Amino acid sequence: MTTSRKILVTGASRGLGKSIALELGQFGHSIAVHYGRSSEEAQAVAEAIRASGGTAELIQGDLSSLDGAKAVAAAATQALGGLEVLVNNAGITKDGLVMRMKDEDWDAVIDTNLSAPFALIRAAIRGMLTAKWGRIVNVSSIVGLMGNPGQANYIAAKAGLIGLTKAIAKEYGGKGITCNAIAPGFIESDMTEKLPEALKAKYLESIPAARFGKPEDVAALIAFLVSDGAAYINGQTIAVDGGLYAH
Ligand code: NAP
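Draft legend 1. Broad picture of the site of the ligand. Neighbouring residues of the ligand: 32 residues in total, closest Ser38, Asn89, Tyr154, Ile187 and Ser189. Gly11 is positioned such that a nitrogen or oxygen atom in its backbone is 3.1 Å from an oxygen atom of the ligand. Measuring from an oxygen atom of the ligand, one finds a backbone N or O atom of Gly185 at 3.3 Å. For the shell around the ligand, the secondary-structure elements that each account for two or more residues are helix 1 (15-25), strand 2 (30-35), helix 6 (152-172) and helix 7 (190-193). Considering only residue class, the shell around the ligand consists of 12 nonpolar, 15 polar and five charged.

Draft legend 2. Seen up close, the sheet that holds strand 2. Read across the open sheet, the seven strands follow the order 3-2-1-4-5-6-7; overall the sheet is parallel. Lying at the two open borders of the sheet, with one neighbouring strand each, are strand 3 (55-60) and strand 7 (237-240). Strand-to-strand twist across the sheet, computed as the mean angle between neighbouring axes with direction ignored, equals 20 degrees. Looking at chain direction, strand 2 and strand 3 are connected through six bridges and run parallel. Its bridge partner being in strand 3, Ile31 is matched across the sheet by Ala56. Most of the contacts of helix 6 go to strand 6 (residues 177-184), to which it runs at about 160 degrees, and overall it touches strand 5 (134-139), strand 6 and strand 7. Here helix 9 (residues 215-225) sits on the sheet in contact with strand 4 (85-88), strand 5, strand 6 and strand 7, set at roughly 170 degrees to strand 6.

Draft legend 3. Main features of helix 3 (residues 66-80). Its 15 residues give helix 3 an end-to-end C-alpha distance of 21 Å, which sits within 8% of 21 Å, the value for a rise of 1.5 Å per residue. Looking only at helix 3, the buried set comprises Gly68, Ala69, Val72, Ala73, Ala76 and Leu80. One face of helix 3 carries all of its buried residues, which in axial projection span an arc of 140 degrees. Facing away from the buried side of helix 3, by more than 90 degrees, are the exposed residues Asp67 and Gln78. On its buried face, helix 3 sits against strand 1 (6-9), strand 2, strand 3 and helix 4 (103-131). Where helix 3 terminates, the next one or two residues include Gly81, which has phi positive at roughly 75 degrees.

Draft legend 4. Representation of the pairing of strand 4. Judged by which residues are buried, strand 4 turns out to be covered on both faces: Val85 and Val87 on one side and Leu86 and Asn88 on the other are all buried. In terms of strand pairing, strand 1 meets strand 4 through three bridges, oriented parallel. By the bridge assignment, Val9 is partnered in strand 4 with Val87. The pairing of strand 4 with strand 5 spans four bridges and is parallel. When the sheet's bridge partners are listed, Val87 is paired in strand 5 with Val137. Running through helix 4, the crossover from strand 4 to the neighbouring parallel element strand 5 is right-handed.

Draft legend 5. Fine view of the packing of helix 3 against helix 4. Put simply, helix 3 and helix 4 touch, their axes get as near as 8 Å, and they point 40 degrees apart. With respect to each other, helix 3 and helix 4 are oriented oblique. Of the two possible hands of crossing, helix 3 and helix 4 adopt the one that is right-handed. Across from Leu66, Ala69, Lys70, Val72 and Ala73 in helix 3, the residues of helix 4 making contact are Ser115, Ala116, Phe118, Ala119, Leu120 and Ala123. For the contact of helix 3 with helix 4, a count of residues per class yields nine nonpolar, one polar and one charged.

Draft legend 6. Representation of the side chain of Thr93 within the structure. Along the chain, Thr93 falls in the loop between strand 4 and helix 4. The class of Thr93 is buried, set by a relative accessible area of 15%. Separated by 3.5 Å, the side chains of Thr93 and Lys194 make a polar contact. When neighbours within four sequence positions are excluded, Thr93 is seen to be in contact with Val109, Gln151, Tyr154, Met191 and Lys194.

Draft legend 7. Structural view of the side chain of Asn89. Inspection of the secondary structure puts Asn89 in the loop between strand 4 and helix 4. What Asn89 contacts, discounting residues up to four positions off in sequence, is Thr10, Gly11, Leu16, Gly17, Ile20 and Val139.

Rules used throughout
Residues numbered from 1 in each chain as written. Predicted model: local features only at pLDDT ≥ 70, side-chain atom pairs only at ≥ 80, totals over all residues. Heavy atoms only, no water. Near = heavy atom within 4 Å. Polar contact = N/O pair within 3.5 Å; in protein donor to acceptor, adjacent residues only side chain to side chain. Helix = DSSP H or I, 4+ residues; strand = E, 2+ residues; numbered from the N terminus. Nonpolar A, V, L, I, M, F, W, Y, C, P; charged D, E, K, R; others polar. Pairing = 2+ DSSP bridges. Axes fitted to C-alpha atoms, helices over the stretch in contact; angles between N-to-C directions. Contact = heavy atoms within 4.5 Å. Expected span 1.5 Å × (residues − 1). Buried < 20%, exposed > 50% of the residue type's maximum accessible area, 1.4 Å probe, protein only. Arc of directions from axis to C-beta. Right-handed = clockwise from strand over helix to strand, strands pointing away. Parallel < 35°, antiparallel > 145°, perpendicular 65-115°, else oblique. Left-handed = near helix turned anticlockwise from the far one by under 90°.

Written as structure tokens, this is what we have:
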């Protein structure tokens, strides 16, 4: 039987985060469904979790600053009565070639995709230390491992998240806490929907699975990583990419 956990999933209103929250909700966990702007979508996710037998709390908050991230962690901890599992999923892209990238687009992506997860981890880890149990999963990206033209800000943030994952694993691995990263490849969501068709066709040619991933492909891995069965997996970056980047 699965132990019921108190779980915060950031960016759970849409895409991967929605699927992760729904998957975890099915196991009877208590889920803090975090969202930024998509309140109706987040509400629907929370209702679906409750309908499947789980517990859900809605947490609104902007993750584009450290203070915003701290506020989200505090609100989730209060709503759930603790925080045992943190899934850092929320993220953005602001693509452009390095020579044309605006300073504010660099900052926005680093702030949301790397600094906010750092603040959330720091806020969550205190309670995990007291409980001597915790799970942190950081949603990185395969491009954080393999690189990609036109995404220097995103790749720097996602590679940074992999480094942060390893640091947390080394610092707290002896305290019953694991911290792992996942590196999704090309997954169907609003984020990838906006890419030009020609680019999507090019990506598809390099995926051995011959299809794009679905959010459910990612959610299944996260459900395992936060379980008791994954206690000995720590500091890893696990790709979910249909074989795109075998490393
Ligand atoms: P998405 O469909 O664009 O959804 C992004 C989520 O992040 C939304 O729930 C959004 O909330 C939230 N969010 C973004 N900025 C926020 C902010 N400043 N404050 C609060 N919430 C914010 O993206 P996705 O494709 O599901 O991606 C989810 C994660 O997977 C990201 O970290 C992404 O980098 C990573 N990833 C995706 C792919 C892919 O192929 N899709 C591949 C590799 C990695 P609201 O809508 O409520 O504002």
